[in-house]
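# Close look at the chain arrangement
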Amino acid sequence: MATGRTHRPATRSRGIPEATVARLPLYLRALTALSERSVPTVSSEELAAAAGVNSAKLRKDFSYLGSYGTRGVGYDVEYLVYQISRELGLTQDWPVVIVGIGNLGAALAGYGGFASRGFRVAALIDADPAMTGKPVAGIPVQHSDDLEKIIEEDGVSIGVIATPAGVAQQVCDRLVAAGVTSILNFAPTVLSVPDGVDVRKVDLSIELQILAFHEQRKAGEEAEAEATAAPAPPVPLPTAAESQPRNTGRKGPDGDVPAVMPA
């Protein structure tokens, strides 16, 4: 079976934009769901809605793959699943190491979606000697002293960092020096890597902060809408004394001239 070290996807050589590459997994997820329901074909509008994009963008993205739907029929679901999987490099085996087996690392180790999407957890690595040999999700944890040896023996090119922020850069440097060229970073810090190394950052706290911003804005808009919709307070009617004509103090031939002349 091929490994990630010897085979790499051809997206960059074919000139597929990064924005399109980022949307391919969304299309694949929607198509996989359709395939599991034995749906043979799908229109661009239906697939775009399932993936959360507009249909014009979807058709443009698929044009980079050389895939064009049939008018009146749509796209062949199984063929698109294969085509996108091949473009993403998921038709081969990608061994992955996870470094940092705390709560998050252990949860990632037990994630069943890795195997079904072309990834194999080759090793779990932690610096705590007490963790060495302990099985997590059926995989024994190995000590970080063996990191370089593990990467070389398993041909690993993708590393997952789930360590505390303070040691993430050090772990990153060791991964890169050992030959890892793609890193998925869960540590709450920005990693510095040389050219040729790709880093994808997953920061749950940032995502929650963005959601909090939207919640605050929605609450403000609702309060503003309620204030706008509230009826204006009634204007009080004048009292009997206030409705009487006022004396201006000016004299006429027949006495005082009222402020408001009678009709």
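Please refer to the structure higher up on the page.
Attention here is on the structure that accompanies the text. (Residues numbered from 1 in each chain as written. Predicted model: local features only at pLDDT ≥ 70, side-chain atom pairs only at ≥ 80, totals over all residues. Heavy atoms only, no water.)

## Observations regarding the nonpolar core
As a reminder, the rule being used: Nonpolar core, defined: a set of buried Ala, Val, Leu, Ile, Met, Phe, Trp, Tyr and Cys residues in which side-chain atoms within 4.5 Å join the residues together. In this scheme, a residue with accessible area under 20% of its type's maximum is buried, one over 50% is exposed, and one in between is partly exposed, where area comes from a 1.4 Å probe on protein chains only. By the criteria applied, helices consist of DSSP H or I runs no shorter than four residues and strands consist of E runs no shorter than two, each listed in order from the N terminus.
Among the nonpolar cores identified, the biggest contains 23 residues, and Tyr27, Leu31, Val42, Leu47, Leu58, Phe62 and Ile84 are the most heavily contacted of them. Listing elements by their share of this core, those giving two or more residues are α1 (18-36), α2 (44-51), α3 (55-64) and α4 (77-87). The element that contributes the greatest number of residues to this core is α1, accounting for 7 residues. In this structure, Val99, Ala123, Ile125 and Val156 belong to the second largest nonpolar core, which totals 19 residues.

## Observations regarding the packing of aromatic side chains
Stated formally: Each Phe, Tyr or Trp ring, with Trp reduced to its six-membered ring, pairs with another whose centre is within 6.5 Å; inter-plane angles below 30 degrees give stacked pairs, above 60 give edge-to-face pairs, and intermediate values give tilted ones.
The final tally for this structure, using the stated rule, is 3 aromatic pairs. Both rings, one in tyrosine 27 and one in phenylalanine 62, keep their centres 5.1 Å apart while their planes meet at 75 degrees; by these two values the pair is edge-to-face. Here the residue tyrosine 27 occupies a position in helix α1, and phenylalanine 62 occupies one in helix α3, the gap between them amounting to 35 residues. Exposure class is identical for tyrosine 27 and phenylalanine 62. Each is buried. Residues tyrosine 111 and phenylalanine 114 carry aromatic rings whose centres are separated by 5.3 Å and whose planes lie at 80 degrees to one another, so their mutual orientation is edge-to-face. Tyrosine 111 sits in the partly exposed class, given a relative accessible area of 44%.

## Description of the layout of surface pockets
To locate leftover empty space, one rolls a probe as large as a water molecule over the atoms. For clarity, the threshold we go by: A cavity, in this analysis, means grid points on a 1 Å lattice covering only the protein atoms where a 1.4 Å probe fits yet has no way out; a pocket is instead an open set bounded by protein on both sides within 12 Å along at least five of seven lines, and a residue lines either one if it has an atom within 4 Å of a point. Grid points are joined across faces, edges and corners, and a volume is the space filled by probe spheres set on the points.
Volume-wise, the largest pocket comes out at about 1800 Å³. Around the largest pocket, the lining is made up of 41 residues, and of these Pro25, Leu88, Leu90, Phe119 and Arg200 lie nearest the centre. Taken together, the elements giving at least two residues each to the lining of the largest pocket come down to α1, α4, β3 (94-99), α6 (113-116), β7 (158-161), β8 (182-185) and β9 (198-201). If one sorts the elements of the lining of the largest pocket by residue count, α1 sits on top with 11 residues. Of the voids in this model, the second largest pocket is the one considered here, and its volume is about 300 Å³. Around the second largest pocket sit 20 residues that line it, and Val99, Gly100, Thr163, Val167 and Val171 are the ones nearest its centre.

## Observations regarding the pairing of β8
Operational definition: For two strands to pair, DSSP has to find at least two bridges joining them. With the strands pointing away from the viewer, any crossover whose connection runs clockwise from the first strand over the helix to the second is right-handed.
Sheet topology note: the β7/β8 ladder contains 4 bridges and is parallel. Along β8, the bridge assignment pairs isoleucine 161 with asparagine 185. Taking the sense of rotation as the criterion, the β-α-β connection linking β7, helix α8 (residues 165-178) and β8 turns out right-handed. Two elements, β8 and β9, share 4 bridges in a ladder whose sense is parallel. Bridged to leucine 184 within β9 is arginine 200.

## Here we look at the packing of α1 against α3
Defined as follows: Comment: axis = line fitted to C-alpha atoms, over the contacting stretch for helices; angle = value between 0 and 180 degrees taken between N-to-C directions. Throughout, the term roughly parallel applies to angles under 35 degrees, roughly antiparallel to angles over 145, roughly perpendicular to angles from 65 to 115, and oblique to all others. For this analysis, residues touch if any pair of their heavy atoms sits within 4.5 Å. Three classes are used: nonpolar for Ala, Val, Leu, Ile, Met, Phe, Trp, Tyr, Cys and Pro, charged for Asp, Glu, Lys and Arg, and polar for all others, with Gly counted as polar.
Interhelical geometry of α1 versus α3 gives an angle of 105 degrees and a closest axis separation of 11 Å. With respect to each other, α1 and α3 are oriented roughly perpendicular. Touching Thr20, Arg23 and Tyr27 of α1 are Lys57, Leu58, Asp61, Phe62 and Tyr64, all from α3. Of the residues that constitute the contact of α1 with α3, the class distribution is 4 nonpolar, 1 polar and 3 charged.

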